[in-house]
Amino acid sequence: MTRKNQTLGEFIIENQKDFPYASGELSRLINSIRLAAKMVNHEVNKAGLVDITGAVGETNVQGEDQQKLDVLANETFINTLTNREIVCGIASEENDEFITIKGQKNDHRNSYVVLMDPLDGSSNIDVNVSVGTIFSIYRRVTPAGTPVTIDDFLQPGNLQVAAGYIIYGTSTMLVYTTGNGVNGFTLNPALGTYYLSHPNMKFPKDGNIYSVNEGNYIHFPQGIKDYIKFCQEEKEDRPYTSRYIGSLVSDIHRNMIKGGVYLYPSTSKSPNGKLRLLYECNPMAFIAEQAGGKASDGFRRILDIKPTQLHERTPFVCGSINMVEKVESFMDNSK
């Protein structure tokens, strides 16, 4: 049930009965993410006023330069989740290994693991372009009362119990799903409260936006090159509009509202793709499917991929269902 001026907290409480494990744990977990997001939003909004922009001079496990806000956001989410009796483990794009959380009683009794990209698109911070946080939640598969293992994190995306993202832009929004549709909440900064602003979000089945870094065109597979040329043809409802921000959260968010497809294919330099399956692609794929869209690696459903590594990468095509299927047809024809 949705109603005008409904807060995120009220929405979580009213809808937790739709969740198959309605013990209140998941509600508390989403509330913890909500709190951490407000703290990160506060810091993001100060960028440029205080010395929190730029690189810290270190690289993360992905080989990428860590930005100061990357580190701050990572620490904020980890500390907020750790300090509550909810999660038994956390995996972050910024950390080499997963983190085991014993709980206050040291009994490893908590039920959920969280995987996250704490600040997606952080290289855009210095130029005041929207960035975001992406999160994915699973129930542990190892027995309660034992420390988490890698198996708790290497689950296919179709076993996610919740996923979402926070976009820190002209307004700050938290968008999430627990498998019963997708809802978006906008932060009222004066009150510090998220209000339901985008109920039951849906990808249009078709769109006229394609989002891809065309600077890498020469390195793309032939099927992706053919699709881009298709988008640029002066025929019927084409050419399509090219829109690429370079922040995954921002690009997916725009395409979900307006209709479009996001492409981050493999390249000759990165044959396995560049986006992380666990921290970026799985949560976005879950959201996309719950919003009537589709997510693929060009050939197969993202949510059916069984991960083998914590920082595994994959090609990624996500968006309006008819557009994704058109990309897949070009990939099949180029085999």
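Residues numbered from 1 in each chain as written. Predicted model: local features only at pLDDT ≥ 70, side-chain atom pairs only at ≥ 80, totals over all residues. Heavy atoms only, no water.

Taking an unreviewed UniProt entry as the reference, the protein is identified by name as Fructose-1,6-bisphosphatase class 1 belonging to Aquimarina gracilis. Reading the Catalytic activity (unreviewed entry) entry of the UniProt record for the protein gives the comment "beta-D-fructose 1,6-bisphosphate + H2O = beta-D-fructose 6-phosphate + phosphate". In its Subunit (unreviewed entry) section, the UniProt entry covering the protein states "Homotetramer." (UniProt positions renumbered as here; feature names shortened; annotations may be inferred.)

A. The pairing of strand β8 (residues 172-177), seen in detail. Within β8, 6 of the 6 residues are buried, which leaves the element mostly enclosed by the surrounding structure. The two faces of β8 match: Thr-172, Leu-174 and Tyr-176 on one face and Met-173, Val-175 and Thr-177 on the other face are all buried. Counted between consecutive antiparallel strands, the loop separating strand β7 (residues 162-168) from β8 contains 3 residues. Note that β8 and strand β9 (residues 183-188) share 4 bridges and pair antiparallel. Within β9, the position partnered with Leu-174 by the bridge is Phe-185. (Buried < 20%, exposed > 50% of the residue type's maximum accessible area, 1.4 Å probe, protein only. Helix = DSSP H or I, 4+ residues; strand = E, 2+ residues; numbered from the N terminus. Pairing = 2+ DSSP bridges.)

B. Focus on the sheet that holds strand β17 (residues 316-319). Spatial ordering of the open sheet is given by β12-β11-β13-β17-β15, a layout of 5 strands whose pairing is mixed. With partners counted over all chains shown, the strands left at the sheet margins are β12 (241-242) and β15 (294-296), one partner each. Bridge count for strand β11 (residues 209-211) against strand β13 (residues 260-264) is 3 bridges, and the pairing is parallel. Of the residues in β13, the one forming a bridge with Ser-211 is Tyr-262. Strands in contact with helix α6 (residues 277-290) are β15 and β17; relative to β17, the strand with the most contacts, it is inclined by about 30 degrees. (Contact = heavy atoms within 4.5 Å. Axes fitted to C-alpha atoms, helices over the stretch in contact; angles between N-to-C directions.)

C. Spotlight on unusual backbone geometry. The amide bond that connects Arg-238 to the next residue, Pro-239, takes the cis arrangement and shows omega of 10 degrees. Turning to its location among the elements, Pro-239 is positioned in the loop between α4 (222-232) and β12. In this structure, His-108 is a non-glycine residue whose phi angle is positive, near 50 degrees. With respect to the helices, strands and loops of the structure, His-108 is situated in the loop between β4 (99-100) and β5 (112-120). Phi is positive for Glu-236, close to 50 degrees, though the residue is something other than glycine. Assignment of secondary structure puts Glu-236 in the loop between α4 and β12. The class of Glu-236 is exposed, set by a relative accessible area of 75%.

D. Structural detail: the side chain of Glu-328. With respect to the element layout, Glu-328 can be found in helix α7 (residues 321-333). A distance of 2.8 Å separates polar atoms of two side chains, one belonging to Glu-328 and the other to Ser-296. Excluding residues that lie within four positions of it along the chain, Glu-328 makes contacts with Lys-294, Ser-296, Gly-298 and Phe-299. (Polar contact = N/O pair within 3.5 Å; in protein donor to acceptor, adjacent residues only side chain to side chain.)

E. View of the packing of aromatic side chains. In the structure shown here, the tally under the stated rule is 10 aromatic pairs. Arranged with centres 6.4 Å apart and planes meeting at 85 degrees, the rings of Phe-11 and Tyr-176 form a pair that is edge-to-face. One end of the pair, Phe-11, is in helix α1 (residues 8-15); the other, Tyr-176, is in strand β8, and 165 residues separate them in sequence. Residue classification places Phe-11 among the buried residues on the basis of a relative accessible area of 6%. (Phe/Tyr/Trp six-rings, centres within 6.5 Å; stacked < 30°, edge-to-face > 60°.)

F. Looking closely at the pattern of salt bridges. Applying the stated rule across the entire model yields 11 salt bridges. The salt bridge partner of Asp-251 is Arg-254, with a shortest N-O separation of 2.9 Å. Residue Asp-251 and its partner Arg-254 are both found in helix α5 (residues 248-258); the two are separated by 3 residues, about one turn of the helix. Arg-254 carries the same exposure label as Asp-251, and that label is buried. Arg-301 is the partner of Glu-289 in a salt bridge, and the nearest nitrogen-oxygen pair spans 2.8 Å. Residue Glu-289 is located in helix α6, and its partner Arg-301 is located in the loop between β15 and β16 (313-314); the two are separated by 12 residues in the primary sequence. Overlapping salt bridges bring together Glu-93, Arg-276 and Glu-280 as one network. (Salt bridge = Lys/Arg side-chain N within 4 Å of Asp/Glu carboxyl O.)

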